[in-house]
Amino acid sequence: MNFHTRKWVKPEDLNPNGTLFGGSLLRWIDEEAAIYAIVQLGNQRVVTKYMSEINFVSASRQGDIIELGITATEFGRTSITLKCEVRNKITRKSILTVDKMVFVNLGDDGLPAAHGRTQIKYVQDQFPDTAVE
């Protein structure tokens, strides 16, 4: 799993206990997962269909830098299934895991549409080599 997106936990992200509010974290996860699905499927019209049990493993506090890791685990005809882990960037301690998130690819009519993808596309495979001299 690659961890690319980082967030800085700020005062406005906290709950009354002084830890990261779960709703803020879930919003970040849903947005990052949707972007991942869009990139993988090559279509900006994707919707969240399902998110499995969310397992909060440890707390995050103000000032922490967290990172979100997402990877594809399955490609359906019209969907992509992802998993996610959120961890503390400095300590690498896991904060949350989501075993299964399903996003559906939509056509111009707003209905599920086949996407034709069967495996993860990596950035280095999406763009031709451009050597910098």
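Residues numbered from 1 in each chain as written. Predicted model: local features only at pLDDT ≥ 70, side-chain atom pairs only at ≥ 80, totals over all residues. Heavy atoms only, no water.

**Q** Sorry, what's going on with the UniProt feature "domain: HotDog ACOT-type" (unreviewed entry) in the protein chain here?
**A** Per the UniProt record, the feature "domain: HotDog ACOT-type" (unreviewed entry) sits at residues 1-109. Secondary structure over residues 1-109 splits into 18% helix and 44% strand, and the C-alpha atoms at its two ends are 33 Å apart. (UniProt positions renumbered as here; feature names shortened; annotations may be inferred. Helix = DSSP H or I, 4+ residues; strand = E, 2+ residues; numbered from the N terminus.)

**Q** Would you mind going over the environment of leucine 25 with me for this structure?
**A** Here leucine 25 shows up in helix α1 (residues 22-41). The exposure class assigned to leucine 25 is buried, which follows from its relative accessible area of 1%. In this structure, the C-alpha to C-alpha distance between leucine 25 and glycine 107, residues 82 residues apart in sequence, is 29 Å. Those residues in contact with leucine 25 that lie beyond four places of it in its chain are Leu20, Phe56, Ile66, Val86, Ile95 and Leu96. (Buried < 20%, exposed > 50% of the residue type's maximum accessible area, 1.4 Å probe, protein only. Contact = heavy atoms within 4.5 Å.)

**Q** Can you help me understand the packing of aromatic side chains in this one?
**A** Any aromatic ring pair is given by two values, namely how distant the centres are and how the planes are angled relative to each other. Taken as a whole and judged by the stated rule, the model has 0 aromatic pairs. Across the ring face of phenylalanine 3, the terminal group of arginine 87 is positioned such that the distance to the ring centre comes to 3.6 Å. (Phe/Tyr/Trp six-rings, centres within 6.5 Å; stacked < 30°, edge-to-face > 60°. Lys NZ or Arg CZ within 6 Å of the ring centre and 35° of its normal.)

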